[in-house]
Structure formats: structure tokens, C-alpha cells
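Tertiary structure, described
For reference, the chains in residue letters:
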Amino acid sequence: MTEFRTRRERLWESLTQVDANHRPHAYLVSGLANIRYLTGFTGSNALLLVHAGGALLLTDPRYTTQSAQETDCSRSIVRAKSLFQAAPGKIKPRGWKRIGFDPSHVACASLEVLRDALPGVRFVPLESQVERLRMVKSASEIEAIRRAVRINSEAFDRAMEHLRPGISENCFAAEIDYQMRLLGAERQAFETIVASGPRSALVHARPSGDPILANELLLIDMGAHCGGYASDMTRMAFPGQPDRKTKQHHAFVLEAQLAALDAVKPGASSVAVDRAARQVLKRHGVGDAFVHSTGHGLGLEVHEPPRVAKKYRTRLEAGMVITVEPGIYLPDFGGIRIEDTVVVTPHGCEVLTPTPKDLHVV
Ligand code: ZN
Ligand code: ZN
């Protein structure tokens, strides 16, 4: 049995646990990452109907060959204007009266198309059914993430050889992306962030045409996408001679990151991991400058459950892959973030990212 089929069976098994009034006769999967997870299909247009007897993938004629090569479930190639218009023709003959769907992946307009065509069918919102399964990674998924992390870190080392004051943030980001592609990444996992000086205090700064200046903080947040899986890493560089305040604040963030890593183990609450980082920064008087959550799950997508945040309680389990990335952002000074990709192991965690975490002085 393929890993994909096992996943579909696990999804169906979890849907049979839904209470009798809401238990669906079929579940409509529309998020592309979820479809990839359940079938292996990597195309850009698909719907999947998972039911007791198996699963049916709907896609369009552009993907006739690709879907046959990638998937092991039944397929239907449809020529309708949208797959949501074609889906009722597949649902009606089977007599399904209750269809589950994930409201976070189905637009209101698409749901209306289904409801209009299938007046006797009840559509039951059942959120995050696939995402819940995706939280715990299989050995092959962890291997893919490991590969993405390796490429990520190697590309960082190579790009750093080109770092000198005067080159633009854009240019350095392009160097990082180029190196990741050369090393075998399909693409970057997200738009590479290279932010220099005060711009590093913008949590999600876009690289600009401005030059990277000497004696200013440089924040680099990068990820590779490899075999469908993402990595995510943030490191701090400093072209020139870092002053005392820079070194001190970098040390605060590193201490917070290590404290959070220490808290990552099976059975621990994601809230406790977040708290561990937050307490350290608070103790150093920069708690208010930590304006985001400590981390997030990653896999087929760079942000996926679980979140490692103040109010998002998940019990960590072996096989979950998360980031640990506390940061502080001081508008007149700059931002410092340190981020690793981490897998929860049976006894604690393994930091996959091999890049040293100290301030990279060049
Ligand atoms: Zn990141
Ligand atoms: Zn991240």
C-alpha cells in the first residue's frame, strides 16, 4: 500500500469518529497541499472526494498525464469551467447526502455552486481534518525536510561569501535564491527576507534596492522547497564590528531560542515552548519587543499547524516539525531573530538546521 493510500485511509478513519448527525458520506478536499498530501498530485487545479470505498481526484485535461503518473487513486479528467461545477456530476450518482468540506479552503461562491446543483445534499463544515494528520510527519517526510534544511544551510554559507557592504538587499537575496536552486531546491519556500539596519525591525521586510551598510544589523530569513517540503531559517549577520548593544541583544535572543528549544519534547504544550522564549526576553527587559509567536509547523507548506504561540495549545508529539524563532524588534535599533527547523523526537527534539547561530560577522 502506498503512503498516500494509508493517509487517505487515516483521514477516512478520523471522519468516521464525527458524531452521527454530521458524519459525512464523502469529504471534499480542495486545498492543493492537502490534495498533494493525500494523493501525490502536484498540479495546480484539483479537487478530491474521499469516501468509504476510496477517493476520486478531479482535474482538468492539462494534467491527464501528470495525474496518471503521480497518483494512485481514481481520476476523472473534466472539461468544465471550474471543478466545482463538475463535482456535482460525480456526487449525485453516488447518492451521497452529506458532504464534509473544509470551510477554510472553499470560497463562499464555490460552495454556492455546489449547493445550487445539489439541493438535496447537506454540506457539513469540518475544519482542518487533513491538516491535523499532516502535523505528525512520516519518516519520508522528515527526510524531505532534512534535505530542504541541508540545501538551505549550504546555500547560506555560499551566499555569505558574496556578502559585502554596498551590495543591495535585493542582490544578496537573489544570490541566496540562486544558490538554493543550484543546490537542488525547486524554489524558495517563501520570499527570502534580507533586511539591513533599521529595516530589520520590520518583521516581514521585503528586500529593497537599498545597500547593505557596514556596521548595521542584517537579518536573513530563508527557506528551500525540496521534494515538496519546506525549510525555514533566520540568521543574523553583521558586516563590520558589532557594538556592545548589538552583541548583548543578540545574546538575549539566542538565550530565548535555546530556552524554547529546551522545552520542545513530546507531551509538552506548544504554549510552554512559547512561554520559555518569552520569559527570557522579559527578564532582559525586551519582552515587549517580541511581537510574534515563537514558531509554526512546517512541511508541505511553510506555515502549517501547529502554531507555537501564546494562545494555541497543542500537545507536541514525536514527528512534528516546527520552527523555533523568537525575535525582538526595536524601531530605532533593528530586529534580531534566530530561527531553526526542529523535529520533535521521542525524547526531546533534534535541531535540523546545522548553521551556527552566532552573529555572522563579516
Ligand atoms: Zn523564517
Ligand atoms: Zn518561520
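A quick note: this is a predicted structure, and the numbers were derived from the prediction, not measured. Position numbers for residues start from 1 in each chain and track the written sequence from start to end. Just so you know, chain letters begin at A and ligand numbers begin at 1, following the order they were written in. Restriction of local features to residues with pLDDT of at least 70 applies here, the model being predicted, together with a cutoff of 80 or more for giving and counting side-chain atom pairs; totals for whole chains, interfaces and linings are based on all residues. Water and hydrogen atoms were dropped before computing side-chain values, which therefore reflect all heavy atoms in the structure.

1. What to know about the coordination of the zinc ion (ligand 2)
Reference geometry at the metal: tetrahedral coordination by four donors gives ideal angles of 109.5 degrees; octahedral coordination by six donors gives 90 or 180 degrees. For Na, K and Ca the donor cutoff is 3.2 Å, while for all other metals N, O and S atoms must lie within 2.8 Å; water is not among the atoms, so some sites may look incomplete. Every protein donor of the zinc ion (ligand 2) is listed here as D232 (OD), H296 (NE2), E325 (OE) and E339 (OE), and their distances to the metal cover 2.1 to 2.2 Å. A site with four donors is called tetrahedral when every donor-metal-donor angle falls between 85 and 135 degrees; four donors are called square planar, and six octahedral, when opposite donors sit more than 155 degrees apart and all other angles fall between 65 and 115; any other arrangement is irregular. Every donor counted, the four donor atoms about the zinc ion (ligand 2) form angles of 79 to 153° at the centre, which fits irregular coordination. Taken as an interatomic distance, the gap from the zinc ion (ligand 2) to the zinc ion (ligand 1) is 3.2 Å; D232 donates to each of them. Of the two residues, H296 sits in strand β13 (residues 295-297) while E325 sits in the loop between β15 (321-324) and β16 (327-330), which places them 29 residues apart along the sequence. The way it works is that DSSP assigns letters per residue, a run of H or I at least four long becomes a helix, a run of E at least two long becomes a strand, and they are numbered from the N terminus.

2. Focus: the coordination of the zinc ion (ligand 1)
At this site the zinc ion (ligand 1) is bound by D221 (OD), D221 (OD), D232 (OD) and E339 (OE), with donor distances of 2.0 to 2.6 Å. Coordination at the zinc ion (ligand 1) is irregular, judged from the four donor atoms that bind it and the angles of 55 to 147° they form at the metal. Mapping the donors of the zinc ion (ligand 1) onto the primary sequence gives the spacing D-x10-D-x106-E.

3. Brief notes about the pairing of β16
Walk down a regular strand and you will see the side chains alternate between the two sheet faces. Pairing between strands requires that DSSP locate at least two bridges from one strand to the other. Bridge count between β16 and strand β17 (residues 334-337): four bridges; the pairing is antiparallel. The partner of I328 across the bridge, within β17, is I336. A loop of three residues connects β16 with β17, the two strands running antiparallel in sequence.

4. Topic: the sheet that holds strand β12 (residues 233-238)
The mixed open sheet is built from four strands, whose spatial order is β8-β9-β12-β20. Both outer strands of the open sheet, β8 (193-196) and β20 (360-361), are each paired with one neighbouring strand and no more. Bridge analysis of strand β9 (residues 218-222) against β12 gives five bridges, and the strand direction is antiparallel. Directly across from L218, in β12, lies its bridge partner A237.

5. Considerations on the domain arrangement of the protein chain
Interface size, as often reported, equals the accessible area lost upon joining of the parts. In terms of domain boundaries, the protein chain breaks down into domain 1 (3-134) and domain 2 (139-361). Domain start and end points were adopted from an automatic or database domain assignment. The C-alpha centroid of domain 2 is placed 35 Å from the C-alpha centroid of domain 1. Computed with a 1.4 Å rolling probe, the buried area is the accessible surface lost when two parts are put together, summed over both parts. At the boundary of domain 1 with domain 2, total buried surface from both sides reaches about 680 Å², with 44% on carbon and sulfur atoms. Interface area lost by domain 1 to domain 2 is led by R36, E131 and R134, which between them contribute 58%. We define a salt bridge as a contact between a side-chain nitrogen of Lys or Arg and a carboxyl oxygen of Asp or Glu at a distance within 4 Å. Summed over the shared surface of domain 1 and domain 2, the result is three salt bridges. With a closest N to O distance of 2.7 Å, E304 and R134 form a salt bridge.

6. Digging into the environment of R235
Positionally, R235 belongs in strand β12. Think of it in three bands: residues with accessible area under 20% of the maximum for their type are buried, residues over 50% are exposed, and the middle band is partly exposed, with areas taken using a 1.4 Å probe on protein chains only. Residue class for R235 comes out buried when judged on its relative accessible area of 1%. As for R235 and A259, which are separated by 24 residues in sequence, their C-alpha atoms are 17 Å apart. We call two N or O atoms a polar contact when they sit within 3.5 Å, provided that within protein one can donate a hydrogen and the other can accept it, with sequence-adjacent residues counted only if both atoms are side-chain atoms. Within polar-contact distance, the side chain of R235 engages the backbone oxygen of E339 at 3.0 Å.

7. What about the packing of helix α4 (residues 83-91) against helix α5 (residues 108-117)?
Lines are fitted to the C-alpha atoms to define the axes, a helix being fitted only along its stretch in contact, and any angle between axes, read from their N-to-C directions, falls within 0 to 180 degrees. Put simply, α4 and α5 touch, their axes get as near as 9 Å, and they point 30° apart. The orientation of α4 relative to α5 falls into the category roughly parallel. As for how α4 packs across α5, the hand of that crossing is right-handed. Here F84, Q85, A87 and P88 of α4 come into contact with α5, specifically with S110, V113, L114 and A117. Charged residues are taken to be Asp, Glu, Lys and Arg, nonpolar residues to be Ala, Val, Leu, Ile, Met, Phe, Trp, Tyr, Cys and Pro, and polar residues to be all remaining types, Gly included. Residues that form the contact of α4 with α5 fall into these classes: six nonpolar, two polar and no charged. Orientation is classified from the angle alone, with under 35 degrees giving roughly parallel, over 145 giving roughly antiparallel, 65 to 115 giving roughly perpendicular, and any other angle giving oblique. When the near helix sits turned anticlockwise from the far one by under a right angle, the crossing is termed left-handed; a clockwise turn instead gives a right-handed crossing. Residue contacts are defined here by distance: any two heavy atoms, one from each residue, within 4.5 Å place the two residues in contact.

8. Some points on the sheet that holds strand β5 (residues 98-101)
Sheet strands pair via backbone hydrogen bonds, and the direction of the pair is either parallel or antiparallel. Taken together, six strands build an open sheet; the order of strands is β4-β3-β2-β1-β5-β6 and the sheet is mixed. Looking along the sheet, the strands with just one partner apiece sit at the ends: β4 (74-77) and β6 (122-125). Between one strand and the next, the sheet's axes are offset by a mean angle of 25°, whatever the strand orientation. Sheet topology note: the strand β1 (residues 26-29)/strand β2 (residues 47-51) ladder contains four bridges and is antiparallel. When the bridges of β2 are listed, Y27 appears paired with V50. Each of β1, β2, β3 (54-59), β4 and β5 is contacted by α4, which is oriented at about 145° to β3, the strand it contacts most.

9. Considerations on unusual backbone geometry
The step from P305 to P306 runs through a cis peptide bond, and the omega angle for that step is 0°. With respect to the element layout, P306 can be found in strand β14 (residues 304-308).

10. With respect to the pattern of salt bridges
Scanning the model with the defined rule gives 19 salt bridges in all. Across the salt bridge formed by E350 and R146, the nearest N and O atoms sit 2.9 Å from each other. Of this pair, E350 sits in strand β19 (residues 349-351) while R146 sits in helix α7 (residues 139-160), placing them 204 residues apart in sequence. Given the relative accessible area of 31%, E350 is considered partly exposed. Via salt bridges that share partners, R134, K137, E301 and E304 belong to a single interconnected network.

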